[in-house]
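Reading the structure
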Amino acid sequence: MYMVILIIIITIEIAVAIAGYAMRDQITNKIQETIAKDMKENSTHEALDDLQKTFKCCGSEGPDSWNNTIWGGQHKNSVPDSCCKEFSTGCGANYTTHRSTIYDSGCVTALKSWALHYVWAFGGAIIAFAVIELLGLMLSYCVAKSIRAQYTQTA
């Protein structure tokens, strides 16, 4: 029974890995759409500020992404202060005159770079986990075979 459950778990993990790989472009597009939508609706401004500070990025595709948003309409030629390389209040105002002080890359690009940076560690962990599961599968087979052999000898 243990071996059957382990086979089912391994099969599900393989299916999820294949689906994730096959849908990678759709996942990227969804992230891009979500960031752009949140910027336009100004619904999660604090979350976007945290994202921009953490990933050292500005807007979905760059600082100009803020121009077509509610926030950008209220703050002409400005970006949120979280886009500034060195944070200070009002540092994002009139960013076009001091563009070198603003993060130039968009957050979608920054998130892709972050994911690519960590994908090898994540992949390595998955492979190590799969190897442990396969060892468990082989050991459970050996134990089951040993028990069956003992049972047939005593019967």
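Below: a short report on this structure. (Residues numbered from 1 in each chain as written. Predicted model: local features only at pLDDT ≥ 70, side-chain atom pairs only at ≥ 80, totals over all residues. Heavy atoms only, no water.)

1. Focus on the nonpolar core
Convention followed: What is meant by a nonpolar core is a set of buried Ala, Val, Leu, Ile, Met, Phe, Trp, Tyr and Cys residues, joined one to another through side-chain atoms within 4.5 Å. Between buried and exposed lies partly exposed: a residue is buried under 20% and exposed over 50% of the maximum accessible area for its type, with that area taken using a 1.4 Å probe on protein chains only. Strands are runs of DSSP state E lasting at least 2 residues, helices are runs of H or I lasting at least 4, and numbering of each runs from the N terminus. Residue contacts follow a heavy-atom distance rule, with two residues in contact if any of their heavy atoms lie within 4.5 Å.
Residues Ile35, Cys58, Trp66, Val79 and Ile102 are the most contacted members of the largest nonpolar core, which totals 19 residues. It is helix 5 (residues 107-154) that contributes the most residues to this core, four residues altogether. Residues within four places of Ile102 in sequence aside, it is in contact with Cys58, Pro63, Val79, Cys83, Cys84, Lys85, Cys91, Gly92 and Tyr95.

2. What about the pattern of salt bridges?
Selection rule: Any carboxyl oxygen of Asp or Glu within 4 Å of a side-chain nitrogen of Lys or Arg constitutes a salt bridge here.
Within this structure, the stated rule accounts for two salt bridges. Of the charged contacts in the structure, one is a salt bridge between Arg99 and Asp64, with a shortest N-O distance of 3.3 Å. Highlighted residues: Arg99 in the loop between helix 4 (70-74) and helix 5 and Asp64 in the loop between helix 3 (45-55) and helix 4, separated in sequence by 35 residues. For Arg99, a relative accessible area of 31% corresponds to the partly exposed category. Notably, a salt bridge pairs Arg99 with Asp104, separated by 3.9 Å at the nearest N-O pair. With relative accessibility at 53%, the residue Asp104 sits in the exposed group. The network of salt bridges with common partners includes Asp64, Arg99 and Asp104.

3. Here's the deal with the layout of surface pockets
Put simply, the rule reads: Grid points spaced at 1 Å and placed over the protein atoms alone form the basis of the search, with a cavity being a set where a 1.4 Å probe fits but cannot get out and a pocket an open set showing protein on both sides within 12 Å along at least five of seven lines. Lining residues have an atom within 4 Å of a point. Grid points are joined across faces, edges and corners, and a volume is the space filled by probe spheres set on the points. Classification used: nonpolar for Ala, Val, Leu, Ile, Met, Phe, Trp, Tyr, Cys and Pro, charged for Asp, Glu, Lys and Arg, polar for all others including Gly.
Its volume calculated, the largest pocket comes out at about 1,000 Å³. Considering the residues around the largest pocket, the lining is formed by 27 residues, among which Ala17, Gly20, Tyr21, Val119 and Phe122 are closest to the centre. Sort the elements by how many residues they give to the lining of the largest pocket and helix 5 lands first, with 15 residues. Residues of the lining of the largest pocket, tallied by class, amount to 20 nonpolar, three polar and four charged.

4. Focus on the state of the cysteines
To be explicit about the condition: Two cysteine sulfurs form what is called a disulfide whenever their separation falls within 2.5 Å.
In total, this model carries three disulfides according to the counting rule given. Between the sulfur atoms of Cys57 and its disulfide partner Cys107 the distance amounts to 2.1 Å. On the sign convention where negative means left-handed, the S-S torsion of about 90° between Cys57 and Cys107 marks this disulfide as right-handed. Pair noted here: Cys57 is in the loop between helix 3 and helix 4 and Cys107 is in helix 5, with a separation of 50 residues, a long-range link. Classification of Cys57 as buried rests on a relative accessible area of 0%. Exposure remark for Cys107: the relative accessible area of 1% places this residue in the buried category. Each sulfur of the disulfide joining Cys58 and Cys83 lies 2.1 Å from the other. Taking the sign of the S-S torsion, 85° for the link of Cys58 and Cys83, the bridge is right-handed. Here Cys58 is found in the loop between helix 3 and helix 4, whereas its partner Cys83 is found in the loop between helix 4 and helix 5, with 25 residues between them in sequence. The pair Cys58 / Cys83 is uniform in exposure class, with both members buried.

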